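# Observations on chain architecture
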Amino acid sequence: MPRREYARFEARIDRTDRAGADATAEVRARSARGLRAGADAGGSVSTTAATPVGSDRSLVDYAKSLDCIHCGLCLRTCPTYQLTGVESSSPRGRIHLMRAVAEGRANADADFAEEMDFCLLCRHCESACPAGVRFGEMMEHTRGALAATRPQSLRTRFLRWLGFRVALPHRFALSLAAAGMRAAQSTGLWPAIARPFAPREAGLEHFPKVPSWAERRALPRSTPARGERVGAVAMLEGCVMPQLYGRVNRATVASLAALGFDVHVPAGQTCCGSLHAHNGDVEGARALAKRTIDAFDGELPLVVNSAGCGSHLRALHHLFEPSDPWHARAAALAKRVRDYSEIAATRIATAQGSAAGALAGPLAYDDPCHLCHGQQIRSQPRVLLDAACRAAGIARVELPDSESCCGSAGIYSVLRPADSQAILDVKLATLARSGARTLVTANPGCQLQWEQGIARAGLDVRVLHVAEVVERAFGAGVSAAAPRPRP
Ligand code: SF4
Ligand code: SF4
């Protein structure tokens, strides 16, 4: 964006800052009356939008952008705004840029693309927004359109093809990659081999060791409930999860079985496509959505232990036009999606056990963005952790910034390692001050990010998934239900 135009943009935002409080009050009142509110460029609320001229509408979900009333309540929640203090790196600024492009007042140039890439898609801004702006959907739309139109280097195209089309959708390819990575880590060659695929700042030397094959092997197709049977669930095995955190999947199955659920892991499932959707590969996301819908045909609740996948699956139908037959099937699947904590929390009061020493205390929980902001799930993990802490005889502490992004954000930590680590550093300082010795999360990307950051900072903190904590706290009883290897 030209400098003069940018200055005008900043000045306009300054005016909307002053108008923000009034606009917020007005949109709340309009919302209460059931009216859809729009906002003009000066920040005053109107119910009709200006007609764009010379616009590039294909890049922007323009209708959704009109929901923003420029109140600025989202600014303090945005990690990239906190990092830079620059309006264009804030949710409000990004929406303003999108509208400017759609209305032909700005070009979708490199600066525009940079601000879209800089966003973590953490959706913290959605939780703060009084106008119900669906920022995540807007950003996915814009990234998808940018990926389809902007020129990419041969290296970028190759890496996207390798990651999105070869590795993630195919378990065998991922398994080979994991085995190769483990061998490279064992021989000390890993940083040199990985260097062409990620920038130096990505901190590859702190990448956790890929587990052994025994931990990476596939889950049993079916694990019966132990004791009183209360129901049955289907489970998403995931793509990265089995390769890096097979122990989390096993803890998920074991603890659900111990809590009275038959756990089915259908064949034919693969990556759900959330990483594709977040990074502009809409076609790839659609193809994987269809495979997931077919694999989970039926009526069982679909348990997901990865917050990013769960959030994506709950909105799967947005990938398809309403007239597309896949839209209805995706919507039906989305209704059956449950986070692990939602299912386990319904039965945790029945869990028996005492596992003094199984967990190092105090324990702290860091909300994955796509669980708290993407799925509005905050209390259920805490219910499970409080029960586990009681069983293990340790305390749980709250982190004041637990809902802020850790900087993982899918593959953001690989694509933008310096930004990702700067965002994590703020949270590492909070973690260190808390005195916690166990940090709990509910998403493999966050788990990886925290493990790398904690190793880099030299903290004595163990990172666990909620399901691992439940399994450890209720010790022998839950472990006895560990799944048998597939014959
Ligand atoms: S999704 Fe996160 S990083 Fe992006 S604008 Fe919203 S709060 Fe900021
Ligand atoms: S996105 Fe929501 S919170 Fe942020 S400025 Fe717009 S209306 Fe306000």
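The structure we're discussing is the one just above.
The notes below deal with the structure included here. Predicted, not measured: the structure shown is a model, and the values here were computed from it. (Residues numbered from 1 in each chain as written. Chains lettered and ligands numbered in written order. Predicted model: local features only at pLDDT ≥ 70, side-chain atom pairs only at ≥ 80, totals over all residues. Heavy atoms only, no water.)

## Remarks on the nonpolar core
- Membership of the largest hydrophobic core comes to 39 residues, with the highest contact counts inside it found for Leu-256, Tyr-340, Leu-384, Val-466 and Val-469.
- Among the elements that make up this core, the one with the highest residue count is helix α20 (residues 379-392) (seven residues).
- Formed by 26 residues, the second largest nonpolar core is a distinct cluster that contains Val-60, Cys-68, Val-133 and Phe-135. (Core = buried A, V, L, I, M, F, W, Y, C linked by side-chain atoms within 4.5 Å. Buried < 20%, exposed > 50% of the residue type's maximum accessible area, 1.4 Å probe, protein only. Helix = DSSP H or I, 4+ residues; strand = E, 2+ residues; numbered from the N terminus.)

## Section: the site of ligand 1
- In the neighbourhood of ligand 1, the contacting residues comprise Cys-78, Pro-79, Thr-80, Pro-91, Arg-94, Cys-119, Leu-120, Leu-121, Cys-122, Arg-123, Cys-125 and Phe-135.
- When residues of the shell around ligand 1 are traced back to their parent elements, those giving at least two are α3 (79-84) and α4 (91-102).
- Counted by class, the shell around ligand 1 contains nine nonpolar, one polar and two charged residues. (Near = heavy atom within 4 Å. Nonpolar A, V, L, I, M, F, W, Y, C, P; charged D, E, K, R; others polar.)

## As for the site of ligand 2
- With respect to spatial proximity, the complete set of residues near ligand 2 consists of Cys-68, Ile-69, His-70, Cys-71, Gly-72, Cys-74, Arg-92, Ile-95, Cys-129, Pro-130, Ala-131 and Val-133.
- In terms of residue class, the shell around ligand 2 is made up of nine nonpolar, two polar and one charged.

## What about the sheet that holds strand β8 (residues 363-365)?
- Strands sit in the order β9-β8-β10-β11 across an open sheet of four strands; the sheet is parallel. Each end of this open sheet is capped by a strand with a single partner; those strands are β9 (396-398) and β11 (462-465). Sheet twist, expressed as the average angle between the axes of neighbouring strands with direction ignored, equals 30°.
- Bridge count between β8 and β9: three bridges; the pairing is parallel. Looking across to β9, one finds that Tyr-365 is bridged to Glu-398. (Pairing = 2+ DSSP bridges. Axes fitted to C-alpha atoms, helices over the stretch in contact; angles between N-to-C directions.)

## What about the packing of aromatic side chains?
- Per the counting criterion, the structure on display carries one aromatic pair.
- Ring geometry for Phe-158 and Trp-161: centres 6.0 Å apart, planes at 35°, overall tilted. Of this pair, Phe-158 and Trp-161 both sit in helix α8 (residues 154-167), separated by three residues, roughly a single helical turn.
- Of the residues examined, Phe-158 reaches a relative accessible area of 42% and is grouped as partly exposed.
- By relative accessible area, which is 47% here, Trp-161 ends up partly exposed. (Phe/Tyr/Trp six-rings, centres within 6.5 Å; stacked < 30°, edge-to-face > 60°.)

## Considering the pattern of salt bridges
- Considering all chains together, one arrives at 26 salt bridges under this definition.
- Between Arg-416 and Glu-114 there is a salt bridge, with the nearest N and O atoms lying 2.7 Å from each other. Taken together, the residues Arg-416 in the loop between α21 (412-415) and α22 (417-434) and Glu-114 in helix α5 (residues 110-118) connect sequence positions 302 residues apart.
- Residue classification places Glu-114 among the partly exposed positions, given a relative accessible area of 35%.
- Through salt bridges that share partners, Asp-367, Arg-382, Asp-386, Arg-396 and Glu-398 make up one connected network. (Salt bridge = Lys/Arg side-chain N within 4 Å of Asp/Glu carboxyl O.)

## Quick notes on the pairing of β11
- Two elements, strand β10 (residues 438-441) and β11, share four bridges in a ladder whose sense is parallel. Note on β11: the bridge partner recorded for Val-440 is Leu-464.
- One crossover worth recording links β10 to the parallel β11 by way of helix α23 (residues 444-457), and it is right-handed. (Right-handed = clockwise from strand over helix to strand, strands pointing away.)

## Brief notes about the sheet that holds strand β6 (residues 302-304)
- Reading across from one edge, β3-β5-β4-β6-β7 is the order of the five strands in this open sheet, with mixed pairing throughout. With one partner strand each, in any of the chains shown, β3 (222-223) and β7 (337-339) form the two edges of the open sheet.
- As paired elements, β6 and β7 share three bridges and run parallel to each other. Its bridge partner lying in β7, Val-304 is registered against Asp-339.
- Its contacts with the sheet put helix α16 (residues 307-314) on β6 and β7, and the angle it makes with β7 is roughly 155°.
- Sheet strands touched by helix α17 (residues 325-336): β6 and β7. Its angle to β7, the strand with the most contacts, is close to 30°. (Contact = heavy atoms within 4.5 Å.)

## Comments concerning unusual backbone geometry
- The residue after Gly-361, namely Pro-362, is reached through a cis peptide bond having omega -5°.
- Structurally, the position occupied by Pro-362 is in the loop between α18 (340-345) and β8.
- Positive phi, close to 55°, is recorded for Leu-121, a residue that is not glycine.
- Along the chain, Leu-121 turns up in the loop between α5 and α6 (124-128).
- Despite not being glycine, Arg-123 has its phi angle at roughly 65°, a positive value.

## Some remarks on the packing of helix α13 (residues 246-258) against helix α24 (residues 466-473)
- It is at 8 Å that the axes of α13 and α24 come closest, and there the two elements cross at 55°. When the interaxial angle is binned, α13 and α24 end up oblique. Two packed elements cross with a definite hand, and for α13 against α24 that hand is left-handed. Residues Arg-247, Val-248, Ala-251, Thr-252, Ala-254 and Ser-255 of α13 touch α24, and the partners they reach there are Ala-467, Glu-468, Val-470 and Glu-471. (Parallel < 35°, antiparallel > 145°, perpendicular 65-115°, else oblique. Left-handed = near helix turned anticlockwise from the far one by under 90°.)

## Focus on α17
- His-327, Ala-330, Ala-331, Leu-333, Ala-334 and Arg-336 are the residues of α17 that are buried.
- On the buried face of α17, the contacting elements are α15 (282-295), β6, α16 and β7.
- The opening residue of α17, the one whose side-chain oxygen lies 2.9 Å from the backbone nitrogen of Trp-326, is Asp-324. (Polar contact = N/O pair within 3.5 Å; in protein donor to acceptor, adjacent residues only side chain to side chain.)

## A look at the environment of Gln-243
- With respect to the helices, strands and loops of the structure, Gln-243 is situated in helix α12 (residues 240-244).
- Considered as a pair, Gln-243 and Ala-177 are 66 residues apart in the sequence and their alpha carbons are 9.2 Å apart.
- Excluding residues within four positions of it along the chain, Gln-243 makes contact with Arg-171, Leu-174, Ser-175, Ala-178, Val-210, Pro-211 and Arg-216.

## Focus: the environment of Leu-59
- By the element assignment, Leu-59 lies in the loop between β2 (45-46) and α2 (62-65).
- Considered as a pair, Leu-59 and Ala-108 are 49 residues apart in the sequence and their alpha carbons are 8.3 Å apart.

The analysis is restricted to geometry; functional conclusions fall outside its scope.
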